[in-house]
Amino acid sequence: MTYDVHIIGGGLAGSEAAWQLAQAGLKVRLSEMRGAPEDKGGEMTPAHQTDGLAELVCSNSFRSDDSDKNAVGLLHDEMRRLDSIVMTAGEKARVPAGSAMAVDRDVFSAEVQRRLTDHPNVTVVRERVDTLPDAGLTIVATGPLTAQTLAKSIVEATGEDRLAFFDAIAPIVHRDSIDMSKCWIQSRWNKRNEASNEDGDYINCPMTKEQYEVFVQALVDGEKTEFKEWEADTPYFDGCMPIEVMAERGVETLRYGPMKGVGLDNPYDTTEEHPQGRWPYAVVQLRQDNKLGTLWNMVGFQTKLKYGAQVELFRTIPGLENAEFARLGGLHRNTFINSPLVLDRQLRLNKAPHIRFAGQITGCEGYVESSAIGLMAGLMVAAEHRGEDWSPPPRTTALGALLSHVTGDAEADTFQPMNVNFGLFPPLHEVKKKQRKEAYTSRAKADLGEWLAANEPVPA
């Protein structure tokens, strides 16, 4: 089989890069170890459940879809303007989540896989790749769960030790096992979902002060997953902190985090002063996880508790006494390279410039951010194959800000995974704080428009 580009890894970033390259007319070999036969080194990761391309292993949310006031929503908008397969498949798989974008993970993965396998320029090969290729245009998008053999090859090529942290997975509950005589559906501050004409997108399980304090103590005392020797002293990423680790930081921590009750009116606790319901002392929220509405994700409940401890403790939550779990929480190690030190501004490995890295392994964090880096890696390689210079999106855009951060703007000595946020954008100090977010997004949209006009992608 002849191909122009070899992509290693069929997750979000690898799938997005493959789509961009295929649409530009290049032949792509996409290697994915999940689903490979035993003689091809096939293996599953500690977190994946299927062999589907672009499987979502943690939350089913792409977070805010507000492109006017939110950095990740702006990134959504920019990716849509660049024909992102992740965003178009996400629209097909979309489920209600208020102002956020959440998807049915099975529908999403199936749609990405269908479009790639049907594309005449993409060949999906189920195989494990153990070493970095010596030649040929290559994109490594193996994500935070890179196989140990390839990880060793990457360490040898970069000359730097890997950095790692733990990433935790939240449980999923069957909707029909939730006692709705104790819970209610509402979005915080009564934000109505206009698309679905629903009063809210979250199931809310209220707790009294006594229930909350007992629950927090049980989180701290619960039996946890034991670490292996090679996992010792690995830091957590604050954006996906296990709930019991947050609980250990103080009894009130969760009430100001995923269990805050503000803006939620408990219809089972009304008074003359609060006829619509008083705000609960604390609350556990669940978000729809599939299109059918049969599965609901426990928001912010990533955990490293052992399975038995999870079932016992989470069934003490009001409304979840008889909860049936489609998936319990879990924990996996997340691996990434020190990108500001080992990659150039176009994601090329300094010591082997025929190789680019993309996705979470570069030190970006989040589904959309990972996909965005894959998208740009694909555009870069397509331009290089054509013999053209590729100019990155302006740093005033979400794409440009994220790319700049992971390829040099971040401090290499303290480099940690980062979600896209307005702190990565060139500042607008002259704009009043209340108008600043909209000023960032307005500037970004205008600047991306100019960049697109000057860098029109070559059609297939």
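For the structure, check the block above.
Summarised in this report is the structure supplied together with it.

Calculation criteria
- Residues numbered from 1 in each chain as written.
- Predicted model: local features only at pLDDT ≥ 70, side-chain atom pairs only at ≥ 80, totals over all residues.
- Heavy atoms only, no water.
- Helix = DSSP H or I, 4+ residues; strand = E, 2+ residues; numbered from the N terminus.
- Rg over C-alpha atoms; globule rule 2.2 N^0.38 Å.
- Buried < 20%, exposed > 50% of the residue type's maximum accessible area, 1.4 Å probe, protein only.
- Lys, Arg positive; Asp, Glu negative; His and termini not counted.
- Charge placed at Lys NZ, Arg CZ, Asp CG, Glu CD.
- Salt bridge = Lys/Arg side-chain N within 4 Å of Asp/Glu carboxyl O.

On to the overall build of the protein chain. Each helix and strand in the protein chain was counted, giving twelve helices and 17 strands. By the compact-globule yardstick of 23 Å for 460 residues, the protein chain fits well, its C-alpha radius of gyration being 22 Å. Along the first, second and third principal axes, the C-alpha atoms of the protein chain reach 70 × 50 × 45 Å. Out of the 460 residues in the protein chain, the part that is buried amounts to 56%. Between the centroid of the 49 positive side chains of the protein chain and the centroid of its 66 negative side chains there is a distance of 3 Å.

A few words now on the pattern of salt bridges. Summed over all chains, the structure comprises 24 salt bridges. For Glu 91, the salt bridge identified is with Arg 94, shortest N-O distance 3.1 Å. Measuring nitrogen to oxygen at the nearest pair gives 3.4 Å for the salt bridge that ties Asp 409 to Arg 395. Separated by 14 residues along the polypeptide, Asp 409 in helix α11 (residues 398-409) and Arg 395 in the loop between α10 (367-385) and α11 bring together distant segments of the chain. Owing to a relative accessible area of 39%, Asp 409 belongs among the partly exposed residues under this scheme. Among the residues examined, Arg 395 registers a relative accessible area of 43% and is labelled partly exposed. Among the charged side chains, a salt-bridge network with shared partners connects Asp 65, Arg 80, Glu 91 and Arg 94.

Purely geometric numbers; function is a separate question.
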